[in-house]
Amino acid sequence: MAESGDKPEGGQGDSEPKEEGVQISAATLSLLTGQSKSNADSFVEFGDVERPEEGKNKMFLICDYCKCKVMRPGYGKLVEKEIFMPHPTEKYKIGTEPAGSTLSKFWLVEDMWHFENVGFSKTVGDSVKYLICADCEVGPIGWHSLQNTKEFFVAAERVKYAAA
């Protein structure tokens, strides 16, 4: 006979009830637990980044505003291409040309699933979508042409960098 405070013997009360639930991916788990944010102690600018061997990024690409991870190391290839991009967070009147600058160093990403946390703007003009941080929605941090579904360009100067 079980004394008070003892668990009964047999089938009932042997163990904690098992929770049955939906399996989630590692990416979803990291978002739910706040691990999409970089916990790096310091960030560096593109000018201070060691130039990659074989052209691939060696560091995490980090949102300049909310410190969210944009892309893991090894997925972007450094390329030179001149692209005009509006200044981040600048507001302008519809029908006017946005203030911006022509940038020339970009991380070319060949698959949109290689991003950790990137969103896309509505289509601008006939075939351009700007890349934005999916957490804080600041951008543009990059550019994508709907004419080429395998090329996404992240402006090297629009993100910070953190060690892997």
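All of these numbers come straight from a predicted model, not from anything done at the bench. (Residues numbered from 1 in each chain as written. Predicted model: local features only at pLDDT ≥ 70, side-chain atom pairs only at ≥ 80, totals over all residues. Heavy atoms only, no water.)

### What to know about the nonpolar core
Looking at soluble globular proteins, one finds that nonpolar side chains tend to be buried together. Leu 61, Val 70, Phe 115, Leu 131, Val 154 and Tyr 161 are the most contacted members of the largest nonpolar core, which has 19 residues in total. At the level of elements, β1 (60–63), β2 (69–71), β4 (100–109), β6 (128–133), β8 (152–155) and β9 (159–162) are the ones that each hand at least two residues to this core. Once residues within four sequence positions are removed from consideration, Val 154 is found in contact with Leu 61, Lys 105, Phe 106, Trp 107, Phe 115, Leu 131, Ile 141, Gly 142 and Val 159. Judged by nonpolar contacts, the second largest core, of eleven residues, contains Ile 83, Met 85, Val 128 and Tyr 130. (Core = buried A, V, L, I, M, F, W, Y, C linked by side-chain atoms within 4.5 Å. Buried < 20%, exposed > 50% of the residue type's maximum accessible area, 1.4 Å probe, protein only. Helix = DSSP H or I, 4+ residues; strand = E, 2+ residues; numbered from the N terminus. Contact = heavy atoms within 4.5 Å.)

### Quick notes on the sheet that holds β6
Strand order in this open sheet of six strands is β3-β4-β8-β7-β6-β5, and the pairing throughout is antiparallel. If you trace the sheet from one side to the other, it starts and ends with β3 (77–86) and β5 (118–120), each paired once. Going across the sheet, the axis of each strand differs from the next one's by a mean of 35°, ignoring polarity. Bridge count for β6 against strand β7 (residues 142–145) is four bridges, and the pairing is antiparallel. Following the sheet pairing, Val 128 is matched in β7 by Ser 145. (Pairing = 2+ DSSP bridges. Axes fitted to C-alpha atoms, helices over the stretch in contact; angles between N-to-C directions.)

### Points about the confidence of the model for the protein chain
Here the protein chain averages 78 in pLDDT, and 63% of its residues register 70 or above. Looking across the protein chain, the model is least confident in helix α1 (residues 26–32), with a mean pLDDT of 53, and most confident in β8, with 96. (pLDDT = per-residue confidence, 0-100.)

### A short note on the packing of aromatic side chains
One pass over the full model with this rule turns up five aromatic pairs. Consider the rings of Phe 115 and Phe 152, whose centres lie 6.1 Å apart with planes at 85°: the pair is edge-to-face. Remark: Phe 152 occurs in strand β8 and Phe 115 occurs in the loop between β4 and β5; sequence separation between them is 37 residues. Accessibility assignment for this pair places Phe 115 and Phe 152 in one class, buried. Feature note: the residues Phe 106, Trp 143 and Phe 153 constitute an aromatic cluster, connected by ring pairs. (Phe/Tyr/Trp six-rings, centres within 6.5 Å; stacked < 30°, edge-to-face > 60°.)

### Details of the sheet that holds β2
Whether parallel or antiparallel, the strands of a sheet pair through hydrogen bonds between backbone atoms. On the basis of which strands lie adjacent, the open sheet formed by three strands has the order β2-β1-β9 and antiparallel pairing. Each having just a single partner strand, β2 and β9 make up the two edges of the open sheet. Here the strands of the sheet are splayed against their neighbours by 45° on average, with no regard to which way each runs. Judged from the two bridges that link them, β1 and β2 form a sheet pairing that is antiparallel. Each residue of the ladder has a partner; that of Ile 62, found in β2, is Lys 69.

### Some thoughts on the pattern of salt bridges
A full pass over the atoms with the stated rule returns three salt bridges. Between Asp 64 and Lys 160 there is a salt bridge; the shortest N-O distance is 3.3 Å. Pair noted here: Asp 64 is in the loop between β1 and β2 and Lys 160 is in strand β9, with a separation of 96 residues, a long-range link. Judged by its relative accessible area of 14%, Lys 160 falls in the buried class. With a shortest N-O distance of 3.0 Å, Glu 116 and Arg 72 are connected by a salt bridge. You can see Glu 116 sitting in the loop between β4 and β5 and its partner Arg 72 sitting in the loop between β2 and β3, a full 44 residues away along the chain. Judged by relative accessible area, Glu 116 falls into the partly exposed class, the value being 31%. (Salt bridge = Lys/Arg side-chain N within 4 Å of Asp/Glu carboxyl O.)

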